[in-house]
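Secondary and tertiary structure notes
Here are the chains, one letter per residue:
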Amino acid sequence: MLKPLQQTWDLETFFSGGSSSTTFLAFLEGMRTEITQLEAQLDGLQSIQTPVDTTALLPVLDLLQSIAKKLRESDSFVACLAAENQADKAAIGLADRVKTSYATYASVMTRFDQYLAEISEVDWERLLSSPELQEIAYPLTERRALAAEKLPPEQEALINDLAIDGYHGWGEAYNTTVSKFRIKFEENGEVLELSAGQAANKMHHPDRTVRQQLFDLWEKQWGEHADYCADALNHLAGFRLKLYERRGWEGIHKEPLSINRMSKGTLDAMWGVIEKSKDVFVEYLQRKAKLLGVERLSWYDVEAPVGQGSKHFTYDEGAQLIVDQFRRFSPKLADFSAQAFDKGWIEAEDRPGKRPGGFCTSFPIAEQTRIFMTYAGTASNVSTLAHELGHGYHQHVMNDLPALAQDYAMNVAETASTFAELIVSDAAMQSAVNAEERLTLLEDKIQRSVAFYMNIHARFLFETKFYEERSRGLVSVERLNELMVEAQKQGYRDSLAEYHPHFWASKLHFYITEVPFYNFPYTFGYMFSAGIYAEAVRQGAAFEDKYIALLRDTGRMTVEELAEKHLGVDLRQADFWQNAMDLSVQDVREFLKLTE
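Residues numbered from 1 in each chain as written. Predicted model: local features only at pLDDT ≥ 70, side-chain atom pairs only at ≥ 80, totals over all residues. Heavy atoms only, no water.

1. With respect to the overall build of the chain
Helix and strand counts for the chain come out as 23 helices and five strands. The buried share of the chain, reckoned over its 596 residues, is 57%. Contacts in the chain between residues at least 24 apart in sequence constitute 77% of all its contacts with a sequence separation of at least 6. When the accessible surface of the chain is totalled, it reaches about 24,400 Å², and 50% of it is carbon and sulfur. For the chain, the separation between the mean place of its 61 positive charges and that of its 88 negative charges on side chains is 2 Å. (Helix = DSSP H or I, 4+ residues; strand = E, 2+ residues; numbered from the N terminus. Buried < 20%, exposed > 50% of the residue type's maximum accessible area, 1.4 Å probe, protein only. Contact = heavy atoms within 4.5 Å. Areas by Shrake-Rupley, 256 points an atom, 1.4 Å probe, with all protein chains shown as cover. Lys, Arg positive; Asp, Glu negative; His and termini not counted. Charge placed at Lys NZ, Arg CZ, Asp CG, Glu CD.)

Structure, rendered in structure tokens:
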């Protein structure tokens, strides 16, 4: 890798000129023309009276997959522009244009899906036997089955059109709110004006007084924005509930489970194992409180560092650690990551004006990835960087597949990222120079287990209860705060002294319209990747090609089928989840032993 590494990404490669790019505007216009052409092709396909054959279907499939890639390319570009500079109003305007194109395309695809649903079973089986359709047989069959559960195409098209300024518009309200978020905080005699992302980073400060001050300011600031956030959340939920009612769908978990190609049996088995395993994590939280010199942890203490072993990693040091450790398990993953660092694929600079959080997004036409985060040099930052690189590698190994076969769900997307994270965190612990450093790194790893088993569980519980109450009417800010604290108490077994009432307002994930219940897939990915990691440790270098084969299948089968084929396990049974949990419990046992 080159030194020193660039900490800002290169977006000019895709469309020069940023949000003023004339090239990008031409790209959007060309994409709109292709969507119109797709409509015409579909009209021709539907006019054929005889049973359709692949000769007529293939041009339609080629065009719709070409458009799908262009939509992803354009969506990734505007998302990157908006994240790097929240004051870029032109980027917000471009995002609206992309969403409009998405809605038009979705309406055309609704007609296409209905066409698939009307093909007889005999003709359908004949079509799927064609060699040209083998790689996309699963997503086509999935779309055909889902079409039978939706409203007539013209009604679904109307919903898509109205959703642009309604449903998706309310989702964008969060971005507008967080872009105005500022916290004035005094540090070393200087008054800083922190963005949401910078404030969130500082809440991991080793000094409890700093954490407490920031958390109080954070809660106060989100309390001042809460009315706007409650409006957005209520309207998002109201839209979904009314849509589910019209489609005749029962249960608010139907859509997220369907999107994640996952059965309720699998979800229940996973949460069941987590629920019965929480005692040891409560014990960990109690021990951590003792180490921090408090009777019980507060919300802002849960992710606080323990001891003096915290190591600061420069960006270059973090990058080198990641690439070196990836190479032990997968030279191809290491090479991909080195390329991402060297070629300016990562936006990591710590500066004002950036969106909080981190993400990875892919440009399928350019066959490149871009990663966004704010890097401050903590072990947690290094883990986040490894996590996002895992996402990028997942897409990288699928670049040669048809667009429909690349459409993998969030839960398996979190598998590759968490697998990468586990490689780096374990390697860092093994290379610790002393017991103090090892303890710090071990505790950082356990924090992630607590996040997935307790924090994410609390989010799931909150949303489930919120939707139940929203079905009876609007839910007030005060009640949202109560629901949030109740869920956090249940998720953490009431082991904390202070909770985060406005967490529902502050967390982007509650406002994402593409995937409802943007929570349990994280926990699935964490535990699923633990099982994969155990196999990787056991098999060593021989596992690399098997791992790639698993990733390439993530867009063309259910998670149950994926686990059965590549791991030989049944996800609807508790055994797999318990084996994954045992690895996390082992970490806690070691922590408790080291801190006796």
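There's plenty left to go through after this.
2. Structural notes on unusual backbone geometry
A positive phi angle, near 50°, is found at D494, a position not held by glycine. Take D494: it is sitting in the loop between helix 18 (477-491) and helix 19 (503-506). In this structure D494 comes out as partly exposed when scored by relative accessible area, which is 40%. Phi at F517 is positive, roughly 55°, even though this residue is not glycine. On the secondary structure map, F517 appears in the loop between helix 19 and helix 20 (520-539).

3. Looking at the side chain of N411
With respect to the secondary-structure elements, N411 resides in helix 16 (residues 410-430). By relative accessible area, N411 is classed as buried at 0%. Within the local environment of N411, its side chain forms a polar contact with the backbone oxygen of N260, the two atoms lying 3.0 Å apart. Sequence-distant contacts of N411, that is, excluding residues within four places in its chain, are made with N260, M262, P521, F524, G525 and V559. (Polar contact = N/O pair within 3.5 Å; in protein donor to acceptor, adjacent residues only side chain to side chain.)

4. Examining the layout of surface pockets
Taken as a whole, the second largest pocket holds about 370 Å³ of empty space. Along the walls of the second largest pocket sit 18 residues, with D426, K445, Y533, L583 and D587 positioned nearest its centre. If you list the elements that add at least two residues to the lining of the second largest pocket, you get helix 16, helix 17 (435-470), helix 20 and helix 23 (574-594). For the lining of the second largest pocket, the element with the most residues is helix 23, which contributes six residues. Counted by class, the lining of the second largest pocket contains nine nonpolar, four polar and five charged residues. (1 Å grid on protein atoms, 1.4 Å probe; cavity = no way out; pocket = protein on both sides within 12 Å on 5 of 7 lines; lining within 4 Å. Points joined across faces, edges and corners; volume = space filled by probe spheres on them. Nonpolar A, V, L, I, M, F, W, Y, C, P; charged D, E, K, R; others polar.)

5. Thoughts on the sheet that holds strand 3 (residues 346-347)
Read from one edge to the other, the open sheet built from three strands follows the order 3-5-4, with strand pairing classed as mixed. Looking along the sheet, the strands with just one partner apiece sit at the ends: strand 3 and strand 4 (359-363). Judged from the five bridges that link them, strand 4 and strand 5 (residues 368-372) form a sheet pairing that is antiparallel. Within strand 5, the residue paired with F359 across the bridge is F372. Where helix 2 (residues 54-84) meets the sheet, its contacts fall on strand 3, strand 4 and strand 5, and the angle it forms with strand 4 comes to roughly 145°. (Pairing = 2+ DSSP bridges. Axes fitted to C-alpha atoms, helices over the stretch in contact; angles between N-to-C directions.)

6. Looking at helix 22 (residues 559-567)
What helix 22 keeps buried is the set V559, E560, L562, A563 and L567. Considered in projection along helix 22, the buried side chains sweep an arc of 160° and stay on one side of the axis. Buried positions along helix 22 lie against helix 11 (264-276), helix 16, helix 20, helix 21 (544-552) and helix 23. G568 lies just past helix 22 and shows a positive phi near 70°. (Arc of directions from axis to C-beta.)

7. Thoughts on the pattern of salt bridges
Using the criterion set out here, one finds 40 salt bridges in the structure. Ionic pairing is found between D444 and R448, a salt bridge with its closest N-O pair at 2.9 Å. In this pair, D444 and R448 are both assigned in helix 17, four residues apart and thus about one turn of the helix distant. We note that D444, like R448, is buried. (Salt bridge = Lys/Arg side-chain N within 4 Å of Asp/Glu carboxyl O.)

8. With respect to the nonpolar core
Membership of the largest hydrophobic core comes to 199 residues, with the highest contact counts inside it found for F112, F326, F341, F462, W504 and Y511. Examining the composition of this core, we find that 14 residues originate from one element, helix 17, more than from any other. Those residues in contact with W504, other than ones at most four positions away along the chain, are A226, C229, A230, L233, F462, V477, L480, N481, M484, F510 and Y511. (Core = buried A, V, L, I, M, F, W, Y, C linked by side-chain atoms within 4.5 Å.)

9. So, helix 1 (residues 22-47)
Between its terminal C-alpha atoms helix 1 stretches 38 Å, which fits the 38 Å expected from 26 residues at 1.5 Å a residue. Of the residues making up helix 1, those classed as buried are F24, F27, L28, M31, E34, I35, L38, L42 and L45. Residues of helix 1 that are buried in the fold lie against helix 2 and helix 3 (89-117). The N-terminus of helix 1 is capped by S21, whose side-chain oxygen sits 3.3 Å from the backbone nitrogen of T23. (Expected span 1.5 Å × (residues − 1).)

10. Looking at the pairing of strand 4
The side chains of a regular strand alternate between the sheet's two faces. The buried count for strand 4 comes to five of five residues, which makes it a mostly enclosed element. Residues of strand 4 alternate between two faces, with F359, T361 and F363 on one and C360 and S362 on the opposite face, all of them buried. From the end of strand 4 to the start of strand 5, which pair antiparallel, there are four residues, and E367 there has a positive phi angle of about 55°.

11. Concerning the pairing of strand 2 (residues 190-194)
As paired elements, strand 1 (residues 183-187) and strand 2 share five bridges and run antiparallel to each other. Note on strand 2: the bridge partner recorded for E187 is E190.

12. Let's talk about the packing of aromatic side chains
Within this structure, the stated rule accounts for 44 aromatic pairs. Summarising the aromatic geometry, the rings of F359 and F372 are spaced 5.2 Å apart at their centres and angled 15° between planes, so their arrangement reads as stacked. Of the two residues, F359 sits in strand 4 while F372 sits in strand 5, which places them 13 residues apart along the sequence. Judged by relative accessible area, which is 14%, F359 ranks as buried. Counting every residue linked through ring pairs, the aromatic cluster contains W271, W299, F460, F462, F466, Y467, Y492, F503, F510, F517 and F520. The cationic tip of K254 hangs over the ring face of W249; the distance from NZ or CZ to the ring centre is 5.2 Å. (Phe/Tyr/Trp six-rings, centres within 6.5 Å; stacked < 30°, edge-to-face > 60°. Lys NZ or Arg CZ within 6 Å of the ring centre and 35° of its normal.)

13. Some remarks on the environment of E34
Along the polypeptide, E34 turns up in helix 1. Each C-alpha atom of the pair E34 and V382 lies 42 Å from the other, and the pair is 348 residues apart in sequence.

14. Brief notes about the state of the cysteines
This structure, assessed with the given rule, holds zero disulfides. C80 takes part in no disulfide bond, and the closest cysteine sulfur to it belongs to C360, at a distance of 9.2 Å. (Disulfide = S-S within 2.5 Å.)

15. Topic: the packing of helix 11 against helix 17
For any two helices packed against each other, one specifies the inter-axial angle together with the distance between the axes. Interhelical geometry of helix 11 versus helix 17 gives an angle of 125° and a closest axis separation of 11 Å. It follows from the interaxial angle that helix 11 and helix 17 lie oblique. Pair helix 11 / helix 17 crosses with left-handed handedness. Across the interface between the two elements, L267, W271, I274 and E275 from helix 11 touch F452, Y453, I456, H457 and F460 from helix 17. Considered class by class, the residues forming the contact of helix 11 with helix 17 number seven nonpolar, one polar and one charged. (Parallel < 35°, antiparallel > 145°, perpendicular 65-115°, else oblique. Left-handed = near helix turned anticlockwise from the far one by under 90°.)

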